[in-house]
Amino acid sequence: MKNLFLIGFLLLSSVAIAQTEGYKVGDVVKDFSLKNIDNKTVSLADYKDAKGYIVVFTCNTCPVAKAYQDRISTLNANYAGKGYPVLAINPNDAGAVPDESFEKMQALAKEKNFGFPYLLDPDHVVTKQFGALKTPHVFILNKTDKGNVVEYIGAIDSDPEGENASKVNYVQNAINDLSAGKKPEVASTKAVGCSIKWKKG
């Protein structure tokens, strides 16, 4: 039943706004400043000692995003101390989905004990800069002399339902490659999740 529900939800959410803009692997990312659930603003530049970043576009309500909440926390626990912290961004419009409100974000972060920023992008500015289309949608950045370079775009792993023990851990593998001084062996995958809920008008 769980699988049928998830498949049905994905089918209903599969139509996304065509997005031709957005970062590609190898692009340098422009810094941003967004409000965190603690009402303070967060930017990439705040992380002076970071070697890179795991930027995850996610949300409160999508079943796929929910399925990944604990895995996102695990990524932050495993890699923030190694220089690759998670920055989660909610791209959804609360006017379209009230349960995506800032207050609901705060409640979710408290309930799940998020150890990473959960940022609000109310006008989709950063979401459109990145070219994110799904929740979740991941962009791994590597800090270089040129700036923060996109090294991976796509899914967290190959198991959106959280039931495949033999899944491929795309994000984990990419960061391990970067930590070893190599380019990720897999630099791009298809993000699987719900379409972003854009503001109307």
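Residues numbered from 1 in each chain as written. Predicted model: local features only at pLDDT ≥ 70, side-chain atom pairs only at ≥ 80, totals over all residues. Heavy atoms only, no water.

**Student:** Outline the state of the cysteines, listing residues and values.
**Tutor:** A full pass over the atoms with the stated rule returns one disulfide. Free of any disulfide, C59 has its nearest cysteine sulfur in C62, 5.0 Å distant. (Disulfide = S-S within 2.5 Å.)

**Student:** Can you lay out the sheet that holds strand 2 (residues 34-36) for me, pointing to particular residues and giving the numbers?
**Tutor:** Hydrogen bonds between backbone atoms are what pair the strands of a sheet, whose relative direction is either parallel or antiparallel. Across the sheet, which stays open at both edges, the eight strands sit in the order 1-9-8-4-5-6-2-3 with mixed pairing between neighbours. Looking at strand neighbours, the two that pair on one side only are strand 1 (28-29) and strand 3 (41-42), the edges of this open sheet. Two elements, strand 4 (residues 52-57) and strand 5 (residues 86-90), share four bridges in a ladder whose sense is parallel. Looking at the pairing, I54 lines up with V86 of strand 5. (Pairing = 2+ DSSP bridges. Helix = DSSP H or I, 4+ residues; strand = E, 2+ residues; numbered from the N terminus.)

**Student:** So what about the nonpolar core? Which residues, and what values?
**Tutor:** Within the largest apolar cluster, 31 residues are counted, with the highest numbers of intra-cluster contacts made by I54, I140 and V171. Elements supplying a minimum of two residues to this core: strand 4, helix 2 (63-79), strand 5, helix 3 (102-112), strand 6 (118-120), strand 8 (137-144) and helix 5 (170-179). Sort the elements by how many residues they give to this core and helix 2 lands first, with six residues. The residues touching I54, leaving out its near neighbours within four places in the chain, are L75, Y79, Y84, P85, V86, L87, V138, F139, V171 and I175. Among the nonpolar cores identified, the runner-up in size contains 22 residues, and L44, Y53, F130 and F139 belong to it. (Core = buried A, V, L, I, M, F, W, Y, C linked by side-chain atoms within 4.5 Å. Buried < 20%, exposed > 50% of the residue type's maximum accessible area, 1.4 Å probe, protein only. Contact = heavy atoms within 4.5 Å.)

**Student:** Outline the confidence of the model for the chain, listing residues and values.
**Tutor:** On average, residues of the chain score 91 in pLDDT, and 90% of them are at 70 or above. In the model, residues 4-20 has pLDDT below 50 throughout and makes 24 contacts with residues more than four positions away in sequence or in other chains. (pLDDT = per-residue confidence, 0-100.)

**Student:** Please provide a residue-by-residue account of the packing of aromatic side chains, values included.
**Tutor:** Counted according to the given criterion, the structure contains eight aromatic pairs. Each ring, one from Y23 and one from F130, has its centre 5.0 Å from the other, and the planes form 90°; the classification is edge-to-face. Placement of Y23 in the loop between helix 1 (2-12) and strand 1 and of F130 in helix 4 (residues 125-130) is noted, with a sequence separation of 107 residues between them. Take Y23 and F130: they sit in the same class, and that class is buried. Look at F130 and F139: their rings are 5.1 Å apart centre to centre, the planes differ by 80°, and that puts the pair in the edge-to-face class. With relative accessibility at 1%, the residue F130 sits in the buried group. Counting every residue linked through ring pairs, the aromatic cluster contains Y23, F32, F57, F130 and F139. (Phe/Tyr/Trp six-rings, centres within 6.5 Å; stacked < 30°, edge-to-face > 60°.)

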